[in-house]
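# Secondary and tertiary structure notes
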Amino acid sequence: GASLTYGFQFVGRDASGMLLKCLSPSLLKDEGIVDMLKGGKLTANSLAIKTALPIPSSEENLAIDHDTNTNEESNGLGSKMSTTLVYPRYERWKVLAINKFDSDRKRMSVLVRSPPELGSLPLLLCKGADSSMLDPNICGGAKFLVHGDNNEGKVNTKSIIENANEEGDLPTLLGIQAHLGEFASEGLRTLVLGVRFLSEEECASWLNKYNLASSSIKDRDQMLTDVALEIERDLHIVGATAIEDKLQKGVPETIHALEQAGIKLWVLTGDKRETAIEIGYSTNVLTPKMHVTELADVP
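Residues numbered from 1 in each chain as written. Predicted model: local features only at pLDDT ≥ 70, side-chain atom pairs only at ≥ 80, totals over all residues. Heavy atoms only, no water.

## Digging into the packing of aromatic side chains
Applying the stated criterion across every chain yields a total of 1 aromatic pair. Seen from their ring centres, tryptophan 206 and tyrosine 210 are 5.1 Å apart, and the 25° between their planes marks the pair as stacked. Placement of the pair is tryptophan 206 and tyrosine 210 together in helix H8 (residues 200–214), with a separation of 4 residues, close to one helical turn. The residues tryptophan 206 and tyrosine 210 share a single accessibility class, namely buried. (Phe/Tyr/Trp six-rings, centres within 6.5 Å; stacked < 30°, edge-to-face > 60°. Helix = DSSP H or I, 4+ residues; strand = E, 2+ residues; numbered from the N terminus. Buried < 20%, exposed > 50% of the residue type's maximum accessible area, 1.4 Å probe, protein only.)

Take a look at the structure:
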């Protein structure tokens, strides 16, 4: 599964934070990288471009399991990481704040701090619907993507050519957008994942606002939404997930029986349009004999 592919596993969570079991070394072991991220001299996008390496196979990860390695590893930024790590090792990440999901933002996020041995770096982890994550106000590179249901799968070619050198993450975003369309057409439920590294000043300032909002008696929900919107920006998109939400046994047959009895069925969903249509056919809410009318979004 994903744990073997990416070399980590979520063990559990308690009052002190989240416990992870890791099989692979971390770039955050390099103090220079952590200092540049905290100081704003290194962005998540540039770090991803310069340090991108093939994902080791599960066999390669298992081969180093329970071993102790002392060596120098290139971090992709022109320096070496001298590490002495025992595999597997355990990391405890502190949870600083949680921005809960709501139907307006269509995403949630958690502000965490890496373990002391990984620089105690504050960072925001965010997940949500592609319409909310691939938004120009949330992800800078998304401004060159064409949005809207009538233009899904299309891109702003002119802007891409003019800004190809400025947006190094643009090819990744285009690839993710293409895959999301494929996943949705198969009826899979998708999420887009993003990350943002913060300086200590940014983290402290935002946490102060978050604590004031969470302890407010008046307009607490709106204040929490406002502080979430403030920090959920300038995200670096790291990938997307797609899962099959299997139907319960007998659902298609039951819905068909309701239709035969003359009962009208309405379904309200927050899924992508392609996902909703595909699930509609698989559940017999829609049938090949029906005429499906798609209404474009309006401001």
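There's plenty left to go through after this.
## Details of a nonpolar patch on the surface
On the surface, Tyr281, Met290 and Val292 cluster together into a nonpolar patch covering about 220 Å² of accessible area. As for its position among the elements, valine 292 is in the segment after helix H11 (273–282). What makes valine 292 partly exposed here is its relative accessible area of 31%. (Patch = residues over 30% accessible without salt bridge, like charges linked within 9 Å, V, L, I, M, F, W, Y side chains within 5 Å. Areas by Shrake-Rupley, 256 points an atom, 1.4 Å probe, with all protein chains shown as cover. Salt bridge = Lys/Arg side-chain N within 4 Å of Asp/Glu carboxyl O.)

## With respect to H11
All of the buried residues in H11 are Thr275, Ile279 and Gly280. An end-on view of H11 places all buried positions within 135° of arc, on one side of the element. At its buried positions, H11 is contacted by helix H7 (170–185) and strand E8 (189–197). Taken from the residues just after H11, asparagine 284 is the one with a positive phi, measuring 70°. (Arc of directions from axis to C-beta. Contact = heavy atoms within 4.5 Å.)

## Section: the confidence of the model for the chain
The predicted model of the chain has a mean per-residue pLDDT of 79, with 75% of residues at 70 or higher. The low-confidence segment residues 57–76, where pLDDT is below 50, has 49 contacts with residues more than four positions distant or belonging to other chains. For residues 148–167, every residue scores under 50 in pLDDT, and the model assigns this stretch 25 contacts once sequence neighbours within four places are set aside. (pLDDT = per-residue confidence, 0-100.)

## Overview of the pattern of salt bridges
With the rule as written, the count across this model stands at 11 salt bridges. Salt bridges linked by common partners bring Asp102, Arg105, Arg107 and Glu232 together as one network.

## Focus on the sheet that holds strand E9 (residues 236–243)
Spatially, E1-E2-E5-E6-E7-E8-E9 is the arrangement adopted by the 7 strands of the open sheet, whose pairing is antiparallel. Two strands close off the open sheet at either side, each with one partner strand: strand E1 (8–14) and E9. Across the sheet, the axes of successive neighbouring strands diverge by a mean angle of 30°, strand direction being ignored. Two elements, strand E6 (residues 107–113) and strand E7 (residues 122–128), share 7 bridges in a ladder whose sense is antiparallel. (Pairing = 2+ DSSP bridges. Axes fitted to C-alpha atoms, helices over the stretch in contact; angles between N-to-C directions.)

## Some remarks on the environment of arginine 89
Residue placement: arginine 89 occurs in strand E5 (residues 89–99). The spatial distance from the C-alpha of arginine 89 to the C-alpha of cysteine 22 is 5.4 Å, given a sequence separation of 67 residues. Looking at arginine 89, its side chain comes within polar contact range of the side chain of glutamate 91, at 2.5 Å. (Polar contact = N/O pair within 3.5 Å; in protein donor to acceptor, adjacent residues only side chain to side chain.)

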